[in-house]
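Structural characterization, general
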Amino acid sequence: MKKIITKDYATMSELAAAIVLEKMMLPKRVNLSLTAGNTPVGMYEILIDKLQKMDFDRSTVHYYNFDEIPLVGERYGVTMSALNTAFYDQVHIDHGNLHELTAENNQAYDQKILQDGGLDLVVMGVGSDGHFCANMPGYTSFDRETFAVSFEKGDGLYTAITHLTDKEPASPYVTFGPRTILASKQLLVFANGKSKAEIMKKVLEGPITEEVPASILRTHPNITFILDEEAAALLEN
Ligand SMILES: N[C@@H]1[C@@H](O)[C@H](O)[C@@H](COP(=O)(O)O)O[C@@H]1O
């Protein structure tokens, strides 16, 4: 496990962008999974700026969304819409290179990834409750590959999900499971700000437990955590 602590959000974003860019430039097919959310906003700004200025072969890089909350009456769910806006549309990624995770294809998704050569890099944030992708505390089993989770209007998951979108979510949501993530060749996890300090202490230095889903990530042999000083404030090591 590699841990990098940066002085601020801008430096964290630069380092993350450099790791992603290096992968994108490999002279071969590259399979990436990238996170939505607030954490990667700075990273995407840097990547967009660099990619717009360089001659970049977009055809060799493929993107596999790692979770999705479908929306009632909408073509795209929460994650795909967010990634389209934050990154894919900005750098004109061909839709043939975007692999949507859906309620229909989730059971075959791990097999598809394997057939496509496996994931080269997954970039993830961590929720302040310790979730990664959509592996929530209380709904996580470390044995799982990609799976769907049903919810009903008004139940605990529905309530948790409505914090992530202003629109009406449609059951089930879908997510990579821990086994899907751990099968990736490389992982990058980043976190910034005081609101992530307590959870990053648990993720990096607490017990590995399904109650803190992201704690399993540190068992991966090729994982880098990048934290700004605020998110790292409670770490002992
Ligand atoms: N599905 C996403 C996660 O992939 C993301 O890591 C998390 C943290 O988001 P943020 O970066 O906004 O804190 O939010 C959502 O739940």
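First, a word on scope: everything that follows refers to the structure included in this document. (Residues numbered from 1 in each chain as written. Predicted model: local features only at pLDDT ≥ 70, side-chain atom pairs only at ≥ 80, totals over all residues. Heavy atoms only, no water.)

Before going further, it helps to spend a moment on the side chain of Thr180. Inspection of the secondary structure puts Thr180 in helix H6 (residues 178-182). Looking at Thr180, its side chain comes within polar contact range of the main-chain nitrogen of Thr146, at 3.1 Å. When residues no more than four places from it in sequence are discounted, the contact partners of Thr180 are Asp110, Ile113, Leu119, Arg144, Glu145 and Thr146. (Helix = DSSP H or I, 4+ residues; strand = E, 2+ residues; numbered from the N terminus. Polar contact = N/O pair within 3.5 Å; in protein donor to acceptor, adjacent residues only side chain to side chain. Contact = heavy atoms within 4.5 Å.)

Looking now at the sheet that holds strand S1 (residues 2-6). The 7 strands lie next to each other as S1-S10-S9-S6-S2-S3-S5, forming an open sheet whose pairing is parallel. Single-partner strands in this sheet number two, and they are S1 and strand S5 (98-99). The pairing of strand S3 (residues 61-64) with S5 spans 2 bridges and is classified as parallel. Opposite Tyr63, over in S5, you have Leu98 as the bridge partner. In the packing of helix H7 (residues 197-205) onto the sheet, contacts are made with S1, strand S9 (187-191) and strand S10 (223-228), and the angle to S10 comes to roughly 155°. (Pairing = 2+ DSSP bridges. Axes fitted to C-alpha atoms, helices over the stretch in contact; angles between N-to-C directions.)

Looking at the ligand, the residues that line it are Thr35, Gly37, Asn38, Thr39, Phe66, Asp67, Gly125, Val126, His131, Cys133, Leu164 and Lys196. A distance of 2.4 Å separates an oxygen atom of the ligand from a polar atom in the side chain of Thr39. Lys196 places a polar side-chain atom, nitrogen or oxygen, 2.7 Å from an oxygen atom of the ligand. A total of 390 Å² of accessible area belongs to the ligand in isolation, and the protein chains cover 84% of it. When the residues that make up the shell around the ligand are grouped by side-chain class, the tally is 4 nonpolar, 6 polar and 2 charged. (Near = heavy atom within 4 Å. Areas by Shrake-Rupley, 256 points an atom, 1.4 Å probe, with all protein chains shown as cover. Nonpolar A, V, L, I, M, F, W, Y, C, P; charged D, E, K, R; others polar.)

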